[in-house]
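One letter stands for each residue in the lines below.
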Protein chains: 2
Amino acid sequence: MEAAVGIESGKDKGSRQRLTVRKVVILAAGRGSRLRERKNELKPMRRVLGLPLLERVVLACKAAGLSDFLVVTGYKPKPMRSFLARLARKRSVDIDVVENPDWEKGNGTSLLACCRKLTEPFVLVMGDHLFEPELLAGLLRVDSEDDSCFLAIDRRTERVFDLRGATKVASRSGCITAIGKDLESYNGIDTGVFLLTPAIFQALAKAQAKGGYGLSDGIAELAAEGRMQAYDIGERFWLDVDTPRSLREAKRHLARQVDKPSEDGFIARYLNRPLSIRLSLLLAHTPVTPNTITLISFTIALLGAWLFTRQGYLPVLFAGVLIQGSSIIDGCDGEIARLKALGSRFGAFFDTLLDRYADLAIATGITYGFWLTHPEFWVWLAGIGALSGFLLTSYAKKEYQLRFQKPPPLSFLPRLAKRDLRLFVIFLGAVVGQPFFAMLGVGVISHLAVFWILVRGRRN
Amino acid sequence: MEAAVGIESGKDKGSRQRLTVRKVVILAAGRGSRLRERKNELKPMRRVLGLPLLERVVLACKAAGLSDFLVVTGYKPKPMRSFLARLARKRSVDIDVVENPDWEKGNGTSLLACCRKLTEPFVLVMGDHLFEPELLAGLLRVDSEDDSCFLAIDRRTERVFDLRGATKVASRSGCITAIGKDLESYNGIDTGVFLLTPAIFQALAKAQAKGGYGLSDGIAELAAEGRMQAYDIGERFWLDVDTPRSLREAKRHLARQVDKPSEDGFIARYLNRPLSIRLSLLLAHTPVTPNTITLISFTIALLGAWLFTRQGYLPVLFAGVLIQGSSIIDGCDGEIARLKALGSRFGAFFDTLLDRYADLAIATGITYGFWLTHPEFWVWLAGIGALSGFLLTSYAKKEYQLRFQKPPPLSFLPRLAKRDLRLFVIFLGAVVGQPFFAMLGVGVISHLAVFWILVRGRRN
């Protein structure tokens, strides 16, 4: 039997790890009575920001390079089976289902039910434990020379969520010495993520013979033989979602992941993003897709552009509000994509292209509106100057990235020329009744940013 | 001594070839009397389309991954030395110079003069033989298991330029059996590109003892020992530039390399490119740089844009001629860059950015010119529609390439929306006195091309 393990990404080829871990076992047989069951929604199907818990577990494994699953069901196996079939199709993964009629005895019986299907090292995770992909990827990189099994443990015992319900682990120099919920002395917490060899099945059988039907009982047997090692997850995130409180904590964690401050401009970071994330957390519960949000944001921008051509303060003010609103909603498509793992390259492409057309419409609307009261040709020339600045900063950035294989440094001037600030300044201009001159201002800044990007290119 | 060889590019790491070939010896000691000497211009300095022969040899070696040179001089060593020092700085290569006082005896003495400096396998090329980099790169990939030496030979004996002056080679199953200018029976031509081991020095000394001072005499000695192998260059280009006729042939070959038909649109391919190449071949002899040409083309386009705002048929016709001229000259920067190995990523970046600003100026000029006689707001709206189409097709292509890591397929519609056709249609419009409507036509096509690129993105 192969003891060496490695991730399947293909990137690690050539290292001394061998590619033998392919299967992930997910235990999803229990009832989860602590988390109030909803009508027709079993615990693994319980949605966290729009995605079932089990789907998030599958996605984390997939992100770590594994896409071959064995899910053990027990409680209400029928709805679980159809749920899993849909999930496999939706996320393009293989899901094999094993039913465990003895699930009520303990979760050790659930793993033991898979013993015929597993002849190589495999990963074991819980259907209700969230974890970040890098936690599993790190575990898959451990370099084992014998047939040791590994349990990913969290050393931050004092900061673990719901310490009372957690399974404690004691280990010495990497070897697990004891495991259990009521351990007095421990230095780690069981995260529910394992890297096991089929040796676990013998250990489980041995434990059952002594009357221990829990997974921990089997692990304890392996530990007693000195074959159970601890893998320290460091600062990585995991969470056992089995109470309403931990469900809220899971949402908080996911919401924090959605931000992407490094790419954001000033306004996006401090104004748009906080608002759009709140909106996205609400939208996550609906079936609305990122591309639909892109279209909604675009439509609102077009409406704003049209309103800019109406005379009077109120329409212009409302137009400003609309385009600032469109700018905020424009953040939601990416956020929903990240929250629900619905991102696609086309989605990002579609979004960026529509942004350019929205900018074009807004600039044209503002120029036309101003020209109605100032019918002189320079108005059009200035408008063309501004809108070409908007389009060309975006163009220059893409071109720079293609030529130099890296984005242009996002320093002060390019940040000033980003779309968030552009639309916000126009919004402010609308508030004071001068959207045209506000637009000209950001137009000038945009051309300066193009020049700056050109100069940076020269230095490369 | 290491017999295995490989190129230094680093890409071949992990293959079984070892990286031992680092040095290139260039023989440049002779007088080259067949090629009429010009004032202060020795044969290796003789310019072929603006670059000295020897510089082209150095560039070919550099492109094949070698940048450590040993140049043997003989005739007029002083001007050669300063020429080589300038060349080393200009092209960022190492050039060591060995003077051979005995150069008039034969070119075998020139190679022998390097014997102290060469303890590993090395490449030997002639200072007056042009060859394409892939010829040398292929030779460097040969997988030698013993300490054989290799001569790159051309099997196309009937098509070799100047067969009378060429050195003939006879070989049997890869082993060279005879070499010489007056060989009766031969099946290959000596291209002047060698992969040698220091064993050649003993062979040269042996030949000299018998009164043979040519390089071929040394090679013949190695061949007699069965240690000289032939490397078939296949269809690759090489040329011994030692007569005015071969100099013209070299220019013809380089001119053919300059084309890049795969990326060109219809007009570029059949109209602009043939004209711009002729212009580039003239410009190659001047010190004008690609970036200067970019600026000249841009200035001409701006002039055309301004002329479009003048009234009357003649200014508009002249404007059309100017922008079509600018479109032709716009091809020269890249051509000169390729002809003289002056290409830079910044140059390409600068060129593309200025093209966008030129398009902007042209579209604005045409719109303003038309508005002067048709002072209605829709003229400006239509003009903005057209110019945004020009900018956005370029943008959509870059964005597509960044998102999908490949350029969008260059099928009919995107080809129609390329700059060459755009400017040509506007030129035709100017000829018939209707540049504005011509521009609107290509503007519509441009937006259709954006839509098409979006649809292609969806399919990915």
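Residues numbered from 1 in each chain as written. Chains lettered and ligands numbered in written order. Predicted model: local features only at pLDDT ≥ 70, side-chain atom pairs only at ≥ 80, totals over all residues. Heavy atoms only, no water.

Visitor: Is there a simple way to explain the packing of helix H5 (residues 199–209) of chain B against helix H6 (residues 215–224) of chain B in this structure?
Guide: The geometry of a pair of packed helices is captured by two quantities: the angle between their axes and the separation between those axes. Residues and elements named next belong to chain B. Put simply, H5 and H6 touch, their axes get as near as 8 Å, and they point 110° apart. When the axes of H5 and H6 are compared, the pair comes out roughly perpendicular. For the pair H5 and H6, the contacting residues are Ala199, Ile200, Ala203, Leu204, Lys206 and Ala207 in the first and Leu215, Asp217, Gly218, Ile219, Glu221 and Leu222 in the second. (Axes fitted to C-alpha atoms, helices over the stretch in contact; angles between N-to-C directions. Helix = DSSP H or I, 4+ residues; strand = E, 2+ residues; numbered from the N terminus. Parallel < 35°, antiparallel > 145°, perpendicular 65-115°, else oblique. Contact = heavy atoms within 4.5 Å.)

Visitor: What is the right way to read the pairing of strand E5 (residues 94–99) of chain A from this model?
Guide: On a regular strand, one side chain projects to one face of the sheet and the next to the other, so that they alternate. Residues and elements named next belong to chain A. In this sheet, E5 lies alongside strand E4 (residues 68–73) in parallel orientation, the contact comprising 6 bridges. Paired with threonine 73 across the two strands is glutamate 99, which belongs to E5. Note on the crossover from E4 through helix H2 (residues 77–91) to E5: the handedness is right-handed. (Pairing = 2+ DSSP bridges. Right-handed = clockwise from strand over helix to strand, strands pointing away.)

Visitor: Which parts of the structure should I look at to understand helix H5 (residues 199–209) of chain A?
Guide: Think of an α-helix as 3.6 residues a turn; residues three or four steps apart then line up on the same face. All names here are of chain A. For H5, the complete set of buried residues consists of Ala199, Ile200, Phe201, Ala203, Leu204, Ala207 and Gln208. Its buried side turned inward, H5 meets helix H3 (107–112), strand E6 (122–126), strand E11 (188–196) and helix H6 (215–224). Two residues or fewer after H5 comes glycine 211, characterised by a positive phi angle close to 95°. (Buried < 20%, exposed > 50% of the residue type's maximum accessible area, 1.4 Å probe, protein only.)

Visitor: Quick question: what am I supposed to make of the domain arrangement of chain A here?
Guide: Much of the literature gives interface size as the accessible area that the parts lose upon coming together. Residues and elements named next belong to chain A. Per the domain assignment, the segments making up chain A are domain 1 (23–243) and domain 2 (259–459). On a C-alpha basis, the centres of domain 1 and domain 2 stand 45 Å from each other. Contact residues are listed per partner, giving 6 residues for domain 1 and 7 residues for domain 2. Viewed at the interface, domain 2 and domain 1 are joined by 0 salt bridges. Between the two partners, domain 1 and domain 2, sit 3 residue pairs in polar contact (both at pLDDT 80 or more). Residues belonging to the side of domain 1 that touches domain 2 are distributed by class as follows: 3 nonpolar, 1 polar and 2 charged. (Domains from an automatic or database assignment. Salt bridge = Lys/Arg side-chain N within 4 Å of Asp/Glu carboxyl O. Polar contact = N/O pair within 3.5 Å; in protein donor to acceptor, adjacent residues only side chain to side chain. Nonpolar A, V, L, I, M, F, W, Y, C, P; charged D, E, K, R; others polar.)

Visitor: In this structure, what is going on with unusual backbone geometry? I would like to understand it.
Guide: Leaving glycine out, the prevailing phi sign among residues is negative, and the prevailing peptide bond configuration is trans. For serine 92 of chain A, which is not a glycine, the phi torsion comes out positive at approximately 50°. Structurally, serine 92 of chain A can be placed in the loop between H2 and E5. For alanine 341 of chain B, which is not a glycine, the phi torsion comes out positive at approximately 50°. Residue placement: alanine 341 of chain B occurs in the loop between helix H10 (313–339) and helix H11 (345–373). Alanine 341 of chain B sits in the partly exposed class, given a relative accessible area of 33%.

Visitor: Sorry, what's going on with the interface of chain B and chain A here?
Guide: Listed as interface residues are 37 residues of chain B and, on the opposing side, 37 residues of chain A. Our count for the contact surface shared by chain B and chain A stands at 2 salt bridges. Across the pair glutamate 399 of chain A and lysine 398 of chain B runs a salt bridge whose closest N-O atoms are separated by 2.7 Å. At the boundary of chain B and chain A, one finds 10 residue pairs in polar contact (both at pLDDT 80 or more). Secondary-structure elements contributing two or more residues to the side of chain B that touches chain A are H11, helix H12 (377–404) and helix H15 (435–459) of chain B. With 18 residues, the single largest contributor to the side of chain B that touches chain A is H12 of chain B. Residue classes in the side of chain B that touches chain A are distributed as 24 nonpolar, 7 polar and 6 charged.

Visitor: What exactly am I supposed to notice about a nonpolar patch on the surface here?
Guide: A contiguous nonpolar surface patch, about 400 Å² in accessible area, is contributed by Tyr313, Leu314, Val431 and Val432 of chain A. Looking at the secondary structure, you find valine 431 of chain A in helix H14 (residues 419–431). (Patch = residues over 30% accessible without salt bridge, like charges linked within 9 Å, V, L, I, M, F, W, Y side chains within 5 Å. Areas by Shrake-Rupley, 256 points an atom, 1.4 Å probe, with all protein chains shown as cover.)

Visitor: Honestly, the packing of aromatic side chains in this entry has me stumped. Any pointers?
Guide: Ring pairs (aromatic) are described by centroid distance and by the angle formed between their planes. All chains considered together, the criterion is met by 37 aromatic pairs over all chains. Grouped by ring-pair contacts, the aromatic residues Tyr368, Trp371, Phe377 and Trp380 of chain A together with Tyr368, Trp371, Phe377 and Trp380 of chain B constitute a single cluster. The ring of phenylalanine 266 of chain A is capped by arginine 415 of chain A, whose NZ or CZ atom sits 6.0 Å from the centre of that ring. (Phe/Tyr/Trp six-rings, centres within 6.5 Å; stacked < 30°, edge-to-face > 60°. Lys NZ or Arg CZ within 6 Å of the ring centre and 35° of its normal.)

Visitor: It is not clear to me how the state of the cysteines should be interpreted in this structure. Could you clarify?
Guide: One way to say it: the disulfide is the covalent bond shared by the sulfur atoms of two cysteines. In the structure shown here, the tally under the stated rule is 0 disulfides over all chains. Residue cysteine 115 of chain A stays outside any disulfide, its sulfur separated by 8.1 Å from that of cysteine 114 of chain A, the closest cysteine. Looking at the unpaired cysteine 175 of chain B, the closest cysteine sulfur is the one in cysteine 149 of chain B, lying at 11 Å. (Disulfide = S-S within 2.5 Å.)

Visitor: Sorry, what's going on with the nonpolar core here?
Guide: Most often, soluble globular proteins keep nonpolar side chains buried together rather than apart. Residues Phe308, Ile362 and Met439 of chain A together with Phe308, Ile362 and Met439 of chain B are the most contacted members of the largest nonpolar core, which totals 131 residues. Residue contacts for methionine 439 of chain A: discarding those within four places in its chain leaves Ala363, Ile366, Thr367, Gly383, Ala386, Phe390 and Ile426 of chain A. (Core = buried A, V, L, I, M, F, W, Y, C linked by side-chain atoms within 4.5 Å.)

Visitor: Help me understand the side chain of threonine 309 of chain B, please; the structure alone is not making it clear to me.
Guide: All names here are of chain B. The residue threonine 309 is located in the loop between helix H9 (290–307) and H10 in this model. Within polar-contact distance, the side chain of threonine 309 engages the backbone oxygen of tryptophan 306 at 2.5 Å. Residue contacts for threonine 309: discarding those within four places in its chain leaves Gly365, Tyr368, Gly369 and Leu372.

Visitor: What is the right way to read helix H1 (residues 53–63) of chain B from this model?
Guide: All names here are of chain B. A large share of H1 lies buried, amounting to 9 of its 11 residues. What H1 keeps buried is the set Leu53, Leu54, Glu55, Arg56, Val57, Val58, Leu59, Ala60 and Cys61. Downstream of H1 by one or two residues, glycine 65 has phi in the positive range, about 105°.

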